[in-house]
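# Close look at the chain arrangement
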Amino acid sequence: MIPRHLVIGMGVMLVAVFAMGIYAGRMRGRVAQTAPAADTRPVAPPPSGPTEQVTLYVAYDEAGILRAEAARIPLPSARQQRAEELLRALLEIYLAKDSPHPLAPGADVRAVYLVDPGLAVIDVNGVFANGHRSGVLEEELTVTSMIQTLSSNIPGILRVKILVDGKDRDTLAGHADLSAFYDTGAVAQAVGQME
Amino acid sequence: MVPGPSTIQRPSPVWSGLRRVLALLLVVLNSILPAGSADEKRIAVYSATAHYSLPVTDRGGREYVGLLEVLEPLGTVISHTDGIHWKVRYNNAEAEFTANQNRAKVQGRDFDLTGNFLLESGRGLVPANTLGTLLPRILGGAVTLNESSRRLFIGNVATHFTAQLSHTTPPRLVMNFSAPVNPTIATEPGKLRMSFTREPVVAPGSPTLTFGDKNIPSATYSENNGTAELTVNGGVALMASFSNDGRTITIAPAPQQATTQPAQAPPAATASSPVPPGTAAPFVPAAVSPSGRRFYAVLDASHGGDDRGVALATQLAEKDVTLAIARRLRQELESRGIATLVLRDSDANLTFDQRATLANTARAMVYISVHAASNGKGVRIYTALLPAAEENNGPFVAWNTAQTQYLTVSQAAAQGVASQLQKQQIQVRTLAAPLRPLNNITAAAVAVEVAPPGSDVMDLNLVAYQQNVASAVANGIAALRAQLGEPR
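Figured I'd write up the structure that's included with this text. (Residues numbered from 1 in each chain as written. Chains lettered and ligands numbered in written order. Predicted model: local features only at pLDDT ≥ 70, side-chain atom pairs only at ≥ 80, totals over all residues. Heavy atoms only, no water.)

Turning to the overall build of chain A, a few remarks are in order. Within chain A one finds five helices and six strands. Helices and strands in chain A line up, N terminus first, as α-β-β-α-β-β-α-α-β-β-α. With 195 residues in all, chain A has 45% of them scored as buried. Taking all contacts inside chain A whose residues are at least 6 apart in sequence as the whole, residues at least 24 apart take part in 60%. (Helix = DSSP H or I, 4+ residues; strand = E, 2+ residues; numbered from the N terminus. Buried < 20%, exposed > 50% of the residue type's maximum accessible area, 1.4 Å probe, protein only. Contact = heavy atoms within 4.5 Å.)

Here it is in structure tokens:
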């Protein structure tokens, strides 16, 4: 025969465990509701102020070409931020509804690092690469349009390296090589064939 | 990416690594032994669309062959494993097999195999001697199997030949074939052997031909292990030369000076060098450049294994289209007398570095990477968009820019191929692209990206279109052979 006080004690403890479980479940739901959604926006605020004329090299899938297009965008004075804003302006075209060269929603440039002498490192996010359409021409258009846009607006860039989420990657989506450093002179020649 | 069949499971990293190592080993062995080693059993398949040979596996004292491998080069094939059942669909024909059962259903009707069907790791194996009766039910046409020599003829594809001795001084044995041939030639004292591994050469009226000449008294025909062999017996050392686009082989005594001088570089279009009598000669390549360096093409069907490439359509992956086109291109190049190796001749995983290493080790004169695309029309030819220069270290060439000194000849090859495609009314464009492993190749290197001829991506699978593209690309490479064959 189990003593009465032990039965009561056990019952109280079971009720307490049950109540704690309900409380913990509610707390978790409340945290989930208040947690912000994954933020894919650039860390830096959008620049404002006077605009500058730049040349964007825009890819057109239908014809498989790159077109040099003049645009006016607000640009910060710092060289590195200018590079980032240039690429974001290009991506804005690619992410628009009637994009001539669609990229995956959420694709973004995380940062551009300008390292002397003449090296630019473009760091794109995972969505950019993982959601990219596979194909020699599609991938080449993306890579060359970014590099040419950068090198034609920011003087002194001789080599470009592309990282994905800060890491090396073999190819963009199975074709375009991301393992090596791009020579901006060679890219400019290739762009000449694609205009 | 296209989801795989329901039965396909993601392999463990260890298993995946092992598979990659095995696949690489197979490719290396295949490159070393393109015609199969003496011990390896093979079956040769000849059809209007492709000529190829496949390994034969012994199971329980019976010879087996993978049915999917037999059908893949012939048309669109889809297989599906469901437990112990294995279904295969070739164009509109369906067949269903059950593991360890000899009864199958082909086109809805029962079919008895000569032995049990085997299912090994999702691969369906049928007895090799069943193919002669099974394939007509699936393909819907005549199929002839020569069981003892393991040679399978699909449709009326046989290459016949005549042999006639011209009693000139010196005598010449002229052999005319009904289609271009490219045998491997070997000589030994008193004999010149021609091995036909990829040509559907069939026996003449009598296996022994006698000519009544002391220099070239006779020739014998034999077949074994998927290969036809023609041996010309000679009282003196013999040499062979090709003409008429590979349709004629002329056998004649080797020039006398060959007995006292080192072998000279053969003239263009000559298939063998003089061989001193009394010494066994190594295999003689079928196509030799004017410089004496072998003109050798390496074809690389891009992607493969876990890497499906572009999902061209729900059931159409880039890796399958590239393999089909590469196989057709091999056939076209070989019919033009160009020895060719397909780097990925199965559904194997190969890294870029492995592809480049294999191509460079094979000392190819031209490397052609095959890709497929769903966007655009026609064909795009790419040469390497070289990365930023890296320093060579003495005799060691920087890996990422190894293509640098070959870029001019690669661009010439691209232009040559493009002009031949234009002649075929195929829309074509030449571009530079950052496409590995083009930049790692130490030979003329181009990538051929085939897009559909029109708006329907499924047209990429049309045999006629693939054949048309392969023929034009082969014409471009053949036209450039003299230029690419020059020593560098």
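Back to the write-up after that little detour.
Another point: the sheet that holds strand β20 (residues 227-233) of chain B. Residues and elements named next belong to chain B. Spatial strand order, β16-β17-β20-β19-β18: five strands in an open sheet with antiparallel pairing. Because the sheet does not close on itself, it has two edges, and the strands there are β16 (184-188) and β18 (208-210). Taking the axes of each pair of neighbouring strands and ignoring which way they run, one obtains an average angle of 15° across the sheet. (Pairing = 2+ DSSP bridges. Axes fitted to C-alpha atoms, helices over the stretch in contact; angles between N-to-C directions.)

Once that is clear, we can look at the packing of helix α2 (residues 79-95) of chain A against helix α4 (residues 136-153) of chain A. All names here are of chain A. Two elements in contact, α2 and α4, have axes whose closest approach is 10 Å; the angle formed by their N-to-C orientations is 140°. With respect to their mutual orientation, α2 and α4 come out oblique. For the element pair α2 and α4, the recorded crossing hand is right-handed. Residues A83, L86, L87, L90 and Y94 of α2 touch α4, and the partners they reach there are S145, M146, T149, L150 and N153. In terms of residue class, the contact of α2 with α4 is made up of seven nonpolar, three polar and no charged. (Parallel < 35°, antiparallel > 145°, perpendicular 65-115°, else oblique. Left-handed = near helix turned anticlockwise from the far one by under 90°. Nonpolar A, V, L, I, M, F, W, Y, C, P; charged D, E, K, R; others polar.)

Turning next to the packing of aromatic side chains. Residue and element names in this part refer to chain B. Tallying each qualifying case throughout the model produces seven aromatic pairs over all chains. Relative to F153, the ring of Y46 lies with its centre 5.0 Å away and its plane at 35°, an arrangement referred to as tilted. On the criterion of sequence distance, the pair formed by Y46 in strand β1 (residues 42-46) and F153 in strand β13 (residues 151-154) is long-range, its members being 107 residues apart. Residue Y46 is classed as buried on the basis of its relative accessible area of 0%. Here the aromatic rings of W86 and F97 are separated by 6.0 Å at their centres, their planes lie at 50°, and the arrangement is tilted. Here W86, found in strand β6 (residues 85-90), pairs with F97, found in strand β7 (residues 93-98); they are eleven residues apart in sequence, far enough to count as distant. Side by side, W86 and F97 carry an identical accessibility label, which is buried. Members of the aromatic cluster, connected to one another through ring pairs, are F161, F177, F196 and Y221. (Phe/Tyr/Trp six-rings, centres within 6.5 Å; stacked < 30°, edge-to-face > 60°.)

Residue and element names in this part refer to chain B. Strand order in the open sheet formed by five strands is β5-β6-β7-β8-β9, and the pairing between neighbours is antiparallel. Each having just a single partner strand, β5 (77-82) and β9 (109-112) make up the two edges of the open sheet. Within this sheet the neighbouring strands show an average axis-to-axis angle of 20°, counted without direction. Bridge analysis of β5 against β6 gives six bridges, and the strand direction is antiparallel. Pairing of S79 across the sheet is with V88, part of β6. In the packing of helix α3 (residues 131-139) onto the sheet, contacts are made with β6, β7, β8 (103-106) and β9, and the angle to β9 comes to roughly 155°.

Contacts between the two partners involve 25 residues from chain A, matched on the other side by 24 residues from chain B. Together, the buried faces of chain A and chain B total about 1,900 Å²; carbon and sulfur atoms form 60% of this surface. Joining chain A to chain B, the criterion identifies zero salt bridges. Our count for the chain A to chain B interface comes out at seven residue pairs in polar contact (both at pLDDT 80 or more). At the level of secondary structure, the elements contributing two or more residues to the side of chain A that touches chain B comprise α4, β6 (182-183) and α5 (184-194) of chain A. Ranked by the residues each element gives to the side of chain A that touches chain B, the list is headed by α5(A), at five residues. (Buried area = accessible area lost by both parts, 1.4 Å probe. Salt bridge = Lys/Arg side-chain N within 4 Å of Asp/Glu carboxyl O. Polar contact = N/O pair within 3.5 Å; in protein donor to acceptor, adjacent residues only side chain to side chain.)

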